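Okay, here's what each chain looks like letter by letter:
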Amino acid sequence: TWHLKKIPQIVRERTFSLDSPKFEAKTKLELNSVCGIECQRKLPVPSLSDLKNLLSYETVFENGTRTLTEVNVLGAVLDPAGNTTTRRPSRKKRQIYGTDSRFSIYDKRFMTNFPFNTAVKISTGCSGILVSPKHVLTAAHCLHNGKDYVKGSKRLRVGLMKMKSRGNGRKRKAASEGMPSFQWTRVKSTHIPKGWFKGVSGDIALDYDYAVLELKRPHKRKYMELGISPTIKMMPGSMIHFSGFDNDRSGQLVYRFCSISDESNDLFYQYCDAEPGSTGSGIYLRLKEPNKKKWKRKIIAVYSGHQWVDINGEQQDYNVAVRITPLKYAQICFWIHGNDENCTQG
């Protein structure tokens, strides 16, 4: 079942203007030299003042202006156990492990219905997921490389799948064969936690590889709610699910499910088959609602993609996802609602 958790409060302290970003960074869908499992084990538990710094956030608006909002964190429980992880076997370098277990979703009854229709395409080449009538959750590195915003994020757009096609017969044929086309919507503003920025975290900290985009116009689709990520033991079969737009299957929605091999406080390590393009997808679970017989899907992590990590001087790779912890739940919920009143029960 989904367990209710007491959520810390993120409170806005002050907001001030920053210079406009340059928007000159290149989009990188694979990250090198990130803090991996071994490095995570050695990280100290962040103090309250660290958390306030890491969870402060930048907002970039459609007209190129940028602000920094400093926050206070109330009621956070600092975990003295630190970033514990369990051991895992090392692995060969590749993104598709053994048999390719991805499914392309062709049938429009599935594609245009929940949960598949919550997947969106981001104009910088990533995927994302609808989390409110006008907000999308994705990976921070789809928009910002740790130092500057990527070129394509200046006029950022989000593509929602649609199956209708007008015009010439060729297009109509493609639509009937289940190739989605996209209805593109402009992004009004983007929030990225300060923990993602290089100067703050030193090395790139995958723990903060998430961002929320506010759309200019609300969509009229069902979206997926946020959930707090349970531990591997609390997941049915340790299985997770996500759908995105992998680069090697152009124009197709690709769904996959797989088991998680390892976890730290902030990250899941898994061997889901995925190619660049699916980065930023929302990872979800289906669990029972407490005291009800109903099942509910919720987003518990953001797929950060295929990463290369230095482990004992050797480059290893894995597919990694950023877990939605109570603190991140509070922050993302605050970005969506603009206050913390709707965010007290995870």
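Quick summary incoming for the structure in this document. The written sequence of each chain sets the order in which its residues are numbered from 1. Side-chain atom pairs in this predicted model are given and counted only at pLDDT of 80 or more, local residue features only at pLDDT of at least 70, and totals for whole chains, interfaces and linings cover all residues. Excluded from the side-chain calculations are hydrogens and water; all other atoms, namely the structure's heavy atoms, are used.

## Observations regarding the pattern of salt bridges
Pairing of side chains with opposite charge becomes possible as their charged atoms draw close. Counted only if it meets this: Note on definitions: salt bridges are taken to be side-chain nitrogens of Lys or Arg within 4 Å of carboxyl oxygens of Asp or Glu. Strands here mean DSSP runs of E at least two residues long; helices mean DSSP runs of H or I at least four residues long; both are numbered from the N terminus. Exposed residues in this analysis have more than 50% of their type's maximum accessible area, buried residues have under 20%, and partly exposed residues fall in between, with area computed by a 1.4 Å probe over protein chains only.
Enumeration over the complete set of coordinates arrives at eleven salt bridges. Arg-186 is the partner of Glu-62 in a salt bridge, and the nearest nitrogen-oxygen pair spans 3.3 Å. A residue pair is termed long-range when its members are at least 10 positions apart, and Glu-62 in the loop between strand 3 (57-61) and strand 4 (66-74) and Arg-186 in strand 10 (residues 181-193) qualify at 124 residues. Classification of Glu-62 as partly exposed rests on a relative accessible area of 27%. On the basis of relative accessible area, Arg-186 is assigned to the partly exposed category, the value being 37%. Lys-134 is the salt-bridge partner of Glu-214, the closest N and O atoms lying 3.3 Å from each other. Here the residue Glu-214 occupies a position in strand 11 (residues 211-215), and Lys-134 occupies one in the loop between strand 7 (127-132) and strand 8 (135-138), the gap between them amounting to 80 residues.

## As for the side chain of Ser-153
This is how the line gets drawn: Polar contact is the term for a pair of N or O atoms within 3.5 Å; when the atoms are in protein, one must be able to donate a hydrogen and the other to accept it, and sequence-neighboring residues count only if both atoms are side-chain atoms. Contact criterion: two residues are considered in contact whenever any of their non-hydrogen atoms come within 4.5 Å of each other.
Take Ser-153: it is sitting in the loop between strand 8 and strand 9 (157-162). Relative accessible area serves as the criterion here: at 9%, Ser-153 is assigned to the buried category. For Ser-153, the side chain forms a polar contact with the main-chain oxygen of Val-150, separated by 2.7 Å. Look past the residues within four positions of Ser-153 in its chain and what remains in contact with it is Phe-23, Thr-124 and Leu-143.

## Some remarks on the state of the cysteines
Put simply, the rule is: When two cysteine sulfur atoms lie within 2.5 Å, the pair is treated as a disulfide.
Enumeration over the complete set of coordinates arrives at one disulfide. The residue that forms a disulfide with Cys-126 is Cys-142, at a sulfur-sulfur distance of 2.1 Å. Between Cys-126 and Cys-142, the S-S dihedral sits near -95 degrees, and the bridge is therefore left-handed. Placement of the pair is Cys-126 in the loop between strand 6 (119-122) and strand 7 and Cys-142 in the loop between strand 8 and strand 9, with a sequence separation of 16 residues. With a relative accessible area of 0%, Cys-142 lands in the buried category.

## Re unusual backbone geometry
The backbone of Phe-23 shows a phi angle near 55 degrees, a positive value even though the residue is not glycine. You can see Phe-23 is positioned in the loop between strand 1 (9-18) and strand 2 (31-34).

## Quick word on the packing of aromatic side chains
Here is the rule we go by: Note on ring pairs: Phe, Tyr and Trp rings are taken, using the six-membered ring of Trp, and paired if centres are within 6.5 Å. Classes follow the plane angle, with under 30 degrees stacked, over 60 edge-to-face and the rest tilted.
Tallied over the full model, the rule gives seven aromatic pairs. For the pair Tyr-57 and Trp-335, a centre-to-centre distance of 5.4 Å together with 75 degrees between the ring planes defines the contact as edge-to-face. With a gap of 278 residues between them, Tyr-57 in strand 3 and Trp-335 in helix 6 (residues 326-337) connect regions that are remote in the sequence. Here Tyr-57 matches Trp-335 in class, with each residue buried. Pairing Tyr-208 with Tyr-210 gives two aromatic rings, centres 6.4 Å apart and planes at 35 degrees, and the pair type is tilted. We classify Tyr-210 as buried; its relative accessible area is 1%. An aromatic cluster is present here, built from Tyr-57, Tyr-208, Tyr-210 and Trp-335 joined pairwise through their rings.

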